Amino acid sequence: MYLRILVVALAVVVSNIAISQEKGDVYVDDTGLMRWGHNDAEVKGFGVNYSAPFAHGYRSAQKLGVDVKAAIDQDVYHFSRLGFDLYRIHVWDTEISDVEGNLLENEHLENFDYLLKQLKDRGINFVITPIAYWGNGWPEPDEDTPGFSNKYGKENSLINPEAIKAQENYLAQFLNHVNPHTGVAYKDEPNIIAFEVSNEPHHRGEPEEVTDFIQKMVDAMRSTGTKKPIFYNVSHSINLAEAYFDADIQGGTFQWYPTGLGFQKELEGNLLPNVNNYHIPFDDVIKENKGAKLVYEFDAADVNKSYIYPAMARSFREAGIQIGTHFAYDPTYLAHGNTEYNTHYMNLAYTPKKALALMISGEVFHQVPVNSDFGTYPENLKFQDFEIRYDDDLAVLNSEEKFIYTNTNSLQPKSTEELKQISGYGNSELVTYEGKGAYFLDKLEEGIWRLEVMPDAILVDNPFGSNSLEKTVAVINWEEWEMNLNLPGLSNDFSIETLNEGNDFKAEVSANSFIIKPGTYLLKANGVPFEKASADLQNFEMEEFSAPESTVERTYVIHEPVKEISPASELEISAEIVSNEKIEKVEAWLQNGNTYESIELKNETAYTYSAEVPDDFLAQGFLQYRIIVNTNAGDFTFPGNTAGNPGDWDFHSAEEYKTSIVPEDSPIVLFNAIEDEDYVVGEWLPTLNLVPTANPNEAEYQVNVEELFRKDIENPEATPIYDYSFKYNFNRKTEGRKTEFSGTDKLILKARALNEKPTKLQVALLMKNGAAFGTTLSLNPDSKKYEISLKDLKPVKTITLPRPYPTFLPYYFEHKNSDDFNIEDVESLQFSIGPGLNEEEQLEKHGVGIISVLLK
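For every chain, the first residue of the written sequence is number 1, and numbering continues from 1 along that sequence. With pLDDT at 70 or above as the cut-off, local features in this predicted model cover only qualifying residues; side-chain atom pairs require 80 or more to be listed or tallied, and sums for whole chains, interfaces and linings still use all residues. Hydrogens and waters are ignored; side-chain quantities use all the structure's heavy atoms.

## Overview of the overall build of the chain
To keep things clear, this is the line we draw: Under the scheme used here, helices are H or I runs from DSSP no shorter than 4 residues and strands are E runs no shorter than 2 residues, and both carry numbers assigned from the N terminus. Radius of gyration: C-alpha atoms only; globule rule: 2.2 Å multiplied by the number of residues to the exponent 0.38. What sets the accessible areas is the Shrake-Rupley method with a 1.4 Å probe; for residues, cover comes only from the shown protein chains.
The helix and strand inventory of the chain stands at 14 helices and 51 strands. In terms of overall size, the chain behaves like a compact globule, its C-alpha atoms giving a radius of gyration of 29 Å where 856 residues would be expected to give roughly 29 Å. Taken along its principal axes, the extent of the C-alpha atoms in the chain is 85 × 75 × 55 Å. Here the chain has roughly 34400 Å² of accessible surface; of this, 46% comes from carbon and sulfur atoms.

If you want it as structure tokens, here you go:
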């Protein structure tokens, strides 16, 4: 046994020496570009953050009885399947160090080493941040960990002499640590592109002190003999940018959360204006110091759409950023509950469209030259072989060899004959598929393709709210669906062979169509010889497949009623339904006044059941209804998931869906404070409040602003902007009356000024292209209705909301929309306190109370 282990260890060492000779250390050239030492090629890379070996991810695996290494194997395969070639993590130093900075050889470090080996075997490079400063609790309470960060905290770690010594000791030991799975020390690991000293240090000291601190950290790392580039976070306290580069660092690291963090529910509306560009106001400092740039974290938080990620990747490349990693990929064993970071949600199995968007983003990082310029929104939605569409929640790479798409589309592939890779979701000109999982087609030879099909993912609850391992936000369902392929080289009589272990499914082809279930398959044109061993799939094997088993343990109905319609409208009830039992029939039991009827919802596609509501139920009043799912295990009534149906004598649930049917000439409610305050998007203030008025069922959304401009501690030298803005997206609220927008000509605002003095409020309508049209009103302290003619709305500045991180990004959205105002394209209200105020008024306290906004 000893001899065998020794032989294996020697083989690993020899193998890694060979790899080290093939891949030289990265260096930064005189133009600020990272290049590979062995061939001088520009470094490119894209991937994710992932933290299964540490903190909540590790603890949860223990609670759930999950083998962490097996989970890592499965997730790393998915990274490779998505084309990732970069990984980044801020290591939880608090779990692998003591108070003096000594490295602790424990289960966290061992699992981390194992992860790095698996990534390396897939050809994935790393950027490692050895110090996080965080506790290890989030989202749970912190544990009493042994590390120096637990003793000193982030702020003291930057200034306390003993804490600084501990960090110097830790960094040297960390870089000298030899990964037992590779036999190579971190300082020499060929797959490590660069080190970032620490995660978001937030310096507040004098420039000289900051430079001295960073230099000590760099010196400790260089004492190990490493020649790898060392980066430092420069996206916080940007007034210290020169102080950062006065230390011997080779580049700066950046983050981007263009939709803020922690909204607790999904943000609605077109968010492409938020990612129009990534403007770095101190870029001249970086260029003067010939520094390189990388993005360590980014995400469109609280957004469950796919269209936005490739646009972010484009803006990064335009800003000269070479490599980037999304934050954060959910370990698959946590993705059912999205507990690790509930404002983020990303996993190939559970969020297939978003994962495909990251796949396309990786292509952007590899294909788009740094410092490109594709203009300003909306002209930058088509660039090179990429296209982005908000209305269709669609991002596409359409090149001669690759066709990757995040949603159903009718785009004509650029070259079907040259295509080598198809990855997608939904239907396209090449693939028709009803399932709700991602699929991948890789051309191996002429007439030979590898097909991989993921199981269906169905969102059943808000993934961005208060989550728990006991809460299910999404389920996985294994189902058999029809697939139709229109691929060159595959005629009607091609064969399908199962590849992945344990898959005994037999697929039969008829006219290019076949029934398929999740798994990996070989598609082979008849008469074409093929040896599996000859297939070159680079970083994964022919037979590989990984997906969670079905997690559907009950019946789910996903349905949101239309809030309001008028009697002239048509109304469809549509629901997404998935069950662990066979669904026999789905009905909606309707009531409007004294009129009752049941209608059957037909299974239209996959999990969608729908029916038109009879005209008899669309008279003025309230349409109340329940959805009853009849399964072979009995009836289940929704909302509420109550066993039985309302016809049973002991049925006790009073929950119902409800749609208001209002007179045709009634105003369209865009905002009603008592209902909609929780969906207002803006910077949080302790002086925001929802207060009942003297009128029944009426409330006032109060916005009191003590200071219109507050110095940003992260950007203290920013030019003052005296403005407080907030917005509300009314797409869902007005869905049933959208066709009536064209017949309106005025806004009616019910509001008042607070603090017993008049104030000014700009009210604007935002079109879905990001353009704002508004006017400024003078509000009085008494609550009243203000009437605004739509003809009087003029172009005004669009505020980037939610406010992004980092905070140095532009406050206003500068666009090149030339379209005139069109009431049919509006989707949000924007309120601004600041426009129209003189210099003296800008320094005063201002407050408004908004009750409602109507369109009439």
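## Description of the packing of helix α6 (residues 148–157) against helix α7 (residues 161–176)
The packing of two helices is summarised by the inter-axis angle and the distance between the axes. Convention followed: In this analysis an axis means a line fitted to C-alpha atoms, helices contributing only their contacting stretch, and an angle means the value between N-to-C directions, from 0 to 180 degrees. The labels follow the angle: roughly parallel below 35 degrees, roughly antiparallel above 145, roughly perpendicular from 65 to 115, and oblique for the rest. The sense of a crossing depends on the near helix, which, turned anticlockwise from the far helix by less than a right angle, makes the crossing left-handed and, turned clockwise, makes it right-handed. Whether two residues touch is decided by their heavy atoms; if any such pair falls within 4.5 Å, the residues are in contact. For this scheme, ten residues count as nonpolar: Ala, Val, Leu, Ile, Met, Phe, Trp, Tyr, Cys and Pro. Four count as charged, namely Asp, Glu, Lys and Arg, and the remainder, Gly too, count as polar.
Orientation of α6 relative to α7, taken along the N-to-C sense of each, is 110°, at an axis distance of 10 Å. What the angle tells us is that α6 and α7 run roughly perpendicular. Seen along the crossing, α6 lies across α7 with a hand that is left-handed. From α6, F148, Y152, N156 and S157 reach across to α7, where they touch E162, A163, I164, A166, Q167 and Y170. Across the contact of α6 with α7, the residue classes tally to 6 nonpolar, 3 polar and 1 charged.

## Structural notes on the environment of G135
Condition: For every residue, the accessible area obtained with a 1.4 Å probe (protein chains only) is divided by the maximum for its type, and the residue is called buried under 20%, exposed over 50%, and partly exposed between those limits.
Inspection of the secondary structure assignment puts G135 in the loop between β5 (125–129) and α6. The class for G135 is partly exposed, based on a relative accessible area of 31%. The spatial distance from the C-alpha of G135 to the C-alpha of F112 is 18 Å, given a sequence separation of 23 residues. Non-local contacts of G135, meaning those with residues more than four positions away in its chain, are made with W92, T94 and D142.

## Brief notes about the pairing of strand β33 (residues 608–612)
Cut-off, in case you're wondering: When DSSP finds two or more bridges between a pair of strands, those strands are recorded as paired.
Bridging between strand β29 (residues 572–578) and β33 involves 5 bridges; their strand directions are antiparallel. Looking at β33, one finds that I573 is bridged to A611. In this structure, strand β32 (residues 602–605) lies alongside β33, joined through 3 bridges in antiparallel fashion. Among the inter-strand pairings, K602 is bridged to a residue of β33, identified as S610. Hairpin connection, β32 to β33: the antiparallel pair is bridged by 2 residues, and A606 has positive phi, about 40°.

## Overview of the sheet that holds strand β45 (residues 772–779)
Here 6 strands make up an open sheet; going across it, the order is β39-β42-β50-β44-β45-β47 and the pairing antiparallel. Both outer strands of the open sheet, β39 (681–682) and β47 (794–796), are each paired with one neighbouring strand and no more. Both β45 and β47 contribute to a ladder of 3 bridges, which runs antiparallel. Looking at β47, one finds that A772 is bridged to V796.

## What about helix α2 (residues 55–64)?
By the criterion of burial, α2 is predominantly enclosed, with 7 of the 10 residues buried. Along its buried surface, α2 packs onto α3 (68–81), α4 (93–96) and α5 (107–121). Looking one or two residues past α2, G65 carries a phi angle of roughly 70°, positive in sign.

## Re the packing of α3 against α5
Two elements in contact, α3 and α5, have axes whose closest approach is 10 Å; the angle formed by their N-to-C orientations is 30°. Classified by the angle their axes make, α3 and α5 are roughly parallel. Where α3 crosses over α5, the two elements pack in a sense that is right-handed. For the pair α3 and α5, the contacting residues are V68, K69, I72, D73, V76 and F79 in the first and E110, N111, Y114, L115, Q118 and L119 in the second.

## Here we look at the pairing of strand β42 (residues 724–729)
β42 sits mainly inside the fold: 6 of its 6 residues count as buried. Judged by which residues are buried, β42 turns out to be covered on both faces: Y724, F726 and Y728 on one side and S725, K727 and N729 on the other are all buried. Where β39 and β42 come together, 2 bridges link them in antiparallel fashion. Its bridge partner lying in β42, G682 is registered against F726. Here β42 runs beside strand β50 (residues 826–833); their pairing, made up of 6 bridges, is antiparallel.

## Remarks on the sheet that holds β5
With parallel pairing, the 8 strands of this closed barrel are ordered in space as β3-β4-β5-β8-β9-β10-β11-β12. For this sheet the average axis-to-axis angle between neighbouring strands, irrespective of direction, equals 25°. One ladder, built from 4 bridges, connects strand β3 (residues 45–49) with strand β12 (residues 323–326); its direction is parallel. In the sheet register, G47 faces β12, and the bridge partner there is T325. Running at roughly 160° to strand β11 (residues 292–298), helix α11 (residues 308–318) makes contact with β10 (251–256), β11 and β12 of the sheet. Against the sheet, helix α12 (residues 352–367) contacts β3, β11 and β12, and its axis sits at roughly 145° relative to β3.

## A word on empty space enclosed by the protein
To keep it simple, the criterion reads: With a 1 Å grid laid over protein atoms only, a set of points is called a cavity when a 1.4 Å probe fits there but cannot get out and a pocket when it is open yet has protein on both sides within 12 Å along at least five of seven lines; lining residues have an atom within 4 Å of a point. Grid points are joined across faces, edges and corners, and a volume is the space filled by probe spheres set on the points.
A full pass over the atoms with the stated rule returns 4 cavities of 30 Å³ or more. Quantified by volume, the largest cavity comes out at close to 140 Å³. Elements with a contribution of two residues or more to the lining of the largest cavity: β42, β44 (759–767), β48 (798–799) and β50. Per-class residue counts for the lining of the largest cavity are 6 nonpolar, 8 polar and 4 charged. Of the volumes computed, that of the second largest cavity is approximately 40 Å³. Taken together, N49, Y50, S51, I89, H90, W92, F327, A328, E340 and Y341 make up the lining of the second largest cavity.

## Section: the environment of L485
Inspection of the secondary structure assignment puts L485 in strand β23 (residues 481–485). Leaving out residues up to four positions away in the same chain, L485 has contacts with L430, V431, L441, F494, N512, F514 and L523.

## A short note on the confidence of the model for the chain
Predicted coordinates in regions of low pLDDT should not be interpreted in detail. Under the convention used in this document: Confidence of the prediction at every residue is given by pLDDT, a number between 0 and 100.
This prediction gives the chain a mean pLDDT of 95; 98% of its residues lie at or above 70. Counting interchain partners and residues more than four positions distant, the pLDDT-below-50 stretch residues 1–21 has 10 contacts.

## Quick look at the side chain of S237
Tracing the chain through its elements places S237 in the loop between β9 (230–233) and α9 (241–246). Exposure remark for S237: the relative accessible area of 1% places this residue in the buried category. Dropping the residues within four chain positions of it, S237 is found in contact with H202, H203, R204, Y244 and E714.

## Points about a negative patch on the surface
This is how it is decided: Think of a patch as exposed residues, more than 30% relative accessible area, with no salt bridge, where like charges cluster within 9 Å and nonpolar side chains (Val, Leu, Ile, Met, Phe, Trp, Tyr) cluster within 5 Å. For this document, the term salt bridge refers to a Lys or Arg side-chain nitrogen within 4 Å of an Asp or Glu carboxyl oxygen. Think of it this way: Lys and Arg go in the positive column, Asp and Glu in the negative one, and His and the chain ends go nowhere. For this purpose, a charge sits on NZ of Lys, CZ of Arg, CG of Asp or CD of Glu.
Residues E206, E208, E209, E242, D246, D284 and E288 make up a contiguous surface patch of negative charge. Secondary structure elements with two or more residues in the negative patch: α8 (207–222), α9 and α10 (283–288).

## As for the packing of aromatic side chains
Formally: Any two of the Phe, Tyr and Trp rings considered here, Trp counted by its six-membered ring, make a pair once their centres fall within 6.5 Å; the pair's planes then place it as stacked at under 30 degrees, edge-to-face at over 60, or tilted in between.
Considering all chains together, one arrives at 45 aromatic pairs under this definition. Between the aromatic rings of F46 and F365, the centroid separation amounts to 5.3 Å while the plane-to-plane angle is 35°, which identifies the pairing as tilted. With F46 in strand β3 and F365 in helix α12, the pair connects residues that are 319 residues apart, well separated along the chain. Accessibility expressed as a relative area gives 0% for F365, which makes it buried. Considering the side-chain rings of Y433 and Y439, the 5.8 Å spacing of their centres and the 85° angle between planes classify their relative orientation as edge-to-face. The exposure classification of Y433 matches that of Y439, with both residues buried.

## Some details on the nonpolar core
Rule in force here: Residues enter a nonpolar core if they are buried and are Ala, Val, Leu, Ile, Met, Phe, Trp, Tyr or Cys, with the set joined through side-chain atoms within 4.5 Å.
Judged by nonpolar contacts, the single largest core of 139 residues is most densely connected at Y87, F112, F174, Y278 and F282. Per-element accounting of this core gives the leading share, 8 residues, to α12. Apart from residues lying up to four places away in sequence, F174 is in contact with V91, I96, L103, F112, I128, P130 and Y186. Counting 41 residues, the second-largest nonpolar core is a separate cluster that includes Y701, Y728, A753 and L765.

## What about unusual backbone geometry?
For the bond running from Y377 to P378, omega is 5°, close enough to zero to count as cis. The residue S237 is not glycine, and still its phi comes out positive at about 45°. Non-glycine residue N697 carries a positive phi angle of around 55°. Its place among the elements puts N697 in the loop between β40 (688–692) and β41 (699–705). On the accessibility criterion, N697 (72% relative accessible area) is exposed.

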